[in-house]
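Chain by chain, the residues:
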Amino acid sequence: MSKSDKAKPAGPPNHVAIIMDGNGRWAQARGKPRLFGHRAGAKRVRQIVEACPGLGVKYLTIFAFSTENWKRTQAEVAGLMLLFRRYIKQETKDMVGNGIRVRFIGDRIKLDKKLVTLMDKLEKVTAHNDLVHMTVALNYGGRDEVARATKRLAQEVADGKLKPEDVDEETLTRFLDTHVLPDPDLVIRTSGEARISNFLLWQSAYAEYEFIDTLWPDFTPEIFAAILDGYGNRERRFGAVPK
Ligand code: FPP
């Protein structure tokens, strides 16, 4: 086999998606309330986003709150919502200055109006940035997203704007919350759980997965870099036979 016949390693992933899990256990291990862990987790978010340009990652998508997370206690849900508001207020200026473009995915209907206003504003003021594209999944569920997209698609069919025979994968993709984003190349989940919990179901069809034991508040840029190193040597086939 000549050198050029060898399968090419993946190189750095363009889009990394992270399921940030383990905040609760991290706090409990320190005898602290769960929100203490979420606050520590929020601090990590900033470090990881800022590490992206140096690691060759252009798109970072993080799972902040799922459609299923409403089942938590009222106190935890309220504390998380307050944390998101505070985080946006505190970080906006630096995100604008540091070239970070922020987008939110998920259903905003159930979210507090004050939070939605802050989310809209953050999207607007970072819209010209292009160094890192950070997407925050908030009240997000993969099945919910596909159901909402299908509803809008069906409406276009009902209105005569779209013919059923013209609907294909690309059509549905256009109706998803993530329509402007590339598919994730790598999905990381922290805290030792090996499941995807309704995260980017459609988009991750060909993603590589990495499940690591580290709890999210302990997830350092060094650990992130090591995972990306491992990913860079993987061979991605997208269903094809290696050359
Ligand atoms: C999962 O840990 C984490 C969450 C449900 C919330 C994620 C939120 C953050 C990291 C904080 C802030 C984020 C932003 C964008 C400011 P868990 O509570 O399920 O942990 P456990 O499995 O140990 O209980």
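Numbering of residues starts from 1 in each chain and follows the order in which that chain's sequence is written. At least 70 in pLDDT is required for a residue's local features to be given in this predicted model, at least 80 for side-chain atom pairs to be given and counted, and no such filter applies to totals for whole chains, interfaces and linings, which use all residues. Calculated side-chain values reflect all of the structure's heavy atoms, with hydrogen atoms and water omitted.

Let's shift gears to the packing of aromatic side chains. Stacked, edge-to-face and tilted labels apply to pairs of Phe, Tyr and Trp rings (six-membered ring for Trp) whose centres lie within 6.5 Å, assigned for plane angles under 30 degrees, over 60, and everything in between, in that order. Inspection of the entire model under this criterion finds nine aromatic pairs. Aromatic side chains Y209 and F211 sit 5.9 Å apart centroid to centroid with 10 degrees between the ring planes, which places their arrangement in the stacked category. Exposed residues in this analysis have more than 50% of their type's maximum accessible area, buried residues have under 20%, and partly exposed residues fall in between, with area computed by a 1.4 Å probe over protein chains only. Of the residues examined, Y209 reaches a relative accessible area of 27% and is grouped as partly exposed. Centroid distance W216 to F219: 5.1 Å. Interplanar angle 20 degrees. Geometry classified as stacked. There is no split in this pair, since W216 and F219 are both buried. Charge over a ring is defined by NZ of Lys or CZ of Arg lying within 6 Å of the ring centre and within 35 degrees of the ring normal. Across the ring face of F36, the terminal group of K32 is positioned such that the distance to the ring centre comes to 5.1 Å.

Before going further, it helps to spend a moment on helix 3 (residues 74-97). Secondary structure elements are defined from DSSP: runs of H or I of at least 4 residues count as helices, runs of E of at least 2 residues count as strands, and each element is numbered from the N terminus. Multiplying one less than the number of residues by 1.5 Å gives the expected span of a helix. Relative to the 34 Å expected for 24 residues at 1.5 Å per residue, helix 3 spans 35 Å between its end C-alpha atoms, a close match to the ideal helical length. A residue's bend is given by the angle between axes fitted to the 7 residues ending at it and the 7 residues starting at it. The largest bend in helix 3 is about 50 degrees, located at E91. Looking one or two residues past helix 3, G99 carries a phi angle of roughly 75 degrees, positive in sign.

Attention now goes to the site of the ligand. Lining the immediate environment of the ligand, one finds 18 residues, of which D21, G24, R25, R34 and R72 sit closest. Any pair of N or O atoms that falls within 3.5 Å is considered a polar contact. Within protein, one atom must be able to donate a hydrogen and the other to accept it, and sequence-neighbouring residues count only if both atoms are side-chain atoms. Take G22: an N or O atom from its main chain is 3.3 Å from an oxygen atom of the ligand. R34 is positioned such that a nitrogen or oxygen atom in its side chain is 2.8 Å from an oxygen atom of the ligand. In isolation the ligand exposes 620 Å². Once the protein is present, 91% of that is buried. Looking at the shell around the ligand, the elements with two or more residues in it are helix 1 (23-28), helix 2 (34-55), strand 2 (59-66) and helix 3. Broken down by element, the residue count for the shell around the ligand peaks at four residues, all from helix 2. All residues other than Ala, Val, Leu, Ile, Met, Phe, Trp, Tyr, Cys, Pro, Asp, Glu, Lys and Arg, Gly among them, are scored as polar; the first ten of these are nonpolar and the last four charged. When its residues are assigned to classes, the shell around the ligand shows eight nonpolar, six polar and four charged. In these notes, residues near a molecule or strand are those with any non-hydrogen atom within 4 Å of it. Every accessible area reported is derived by Shrake-Rupley at a probe size of 1.4 Å, with residue values counting cover from the shown protein chains alone.

Mapped onto the elements, T135 comes out in strand 4 (residues 132-140). The sequence separation of T135 and V102 amounts to 33 residues, and the corresponding C-alpha distance is 5.7 Å. Note on contacts: a residue pair qualifies if any of its non-hydrogen atoms lie within 4.5 Å across the two residues. Among all residues touching T135, those that are not within four sequence positions of it are L60, T61, I62, R103, I105 and L181.

Counted residue by residue, strand 1 (residues 15-19) has five buried out of five residues, so it is predominantly covered. Burial along strand 1 is two-sided: H15, A17 and I19 and V16 and I18, pointing in opposite directions, are all buried. Sheet topology places strand 1 next to strand 2; five bridges connect them, and they run parallel. Looking across to strand 2, one finds that I19 is bridged to F63. Pairs of strands are assigned from DSSP output, requiring at least two bridges between the strands. Pairing between strand 1 and strand 5 (residues 186-189): four bridges, direction parallel. Within strand 5, the position partnered with I19 by the bridge is R189.

Counting residues in each nonpolar core, the largest one holds 44 residues, and the members touching the most others are V16, I18, L60, M134, F219 and F224. Contact partners of V16, with chain neighbours within four places excluded, come to V57, Y59, L60, T61, L186, I188, F224 and L228. Core analysis: the second largest hydrophobic core is formed by ten residues, A137, Y140, F199 and L200 among them. The criterion is simple. A nonpolar core is a set of buried Ala, Val, Leu, Ile, Met, Phe, Trp, Tyr and Cys residues joined through side-chain atoms within 4.5 Å.

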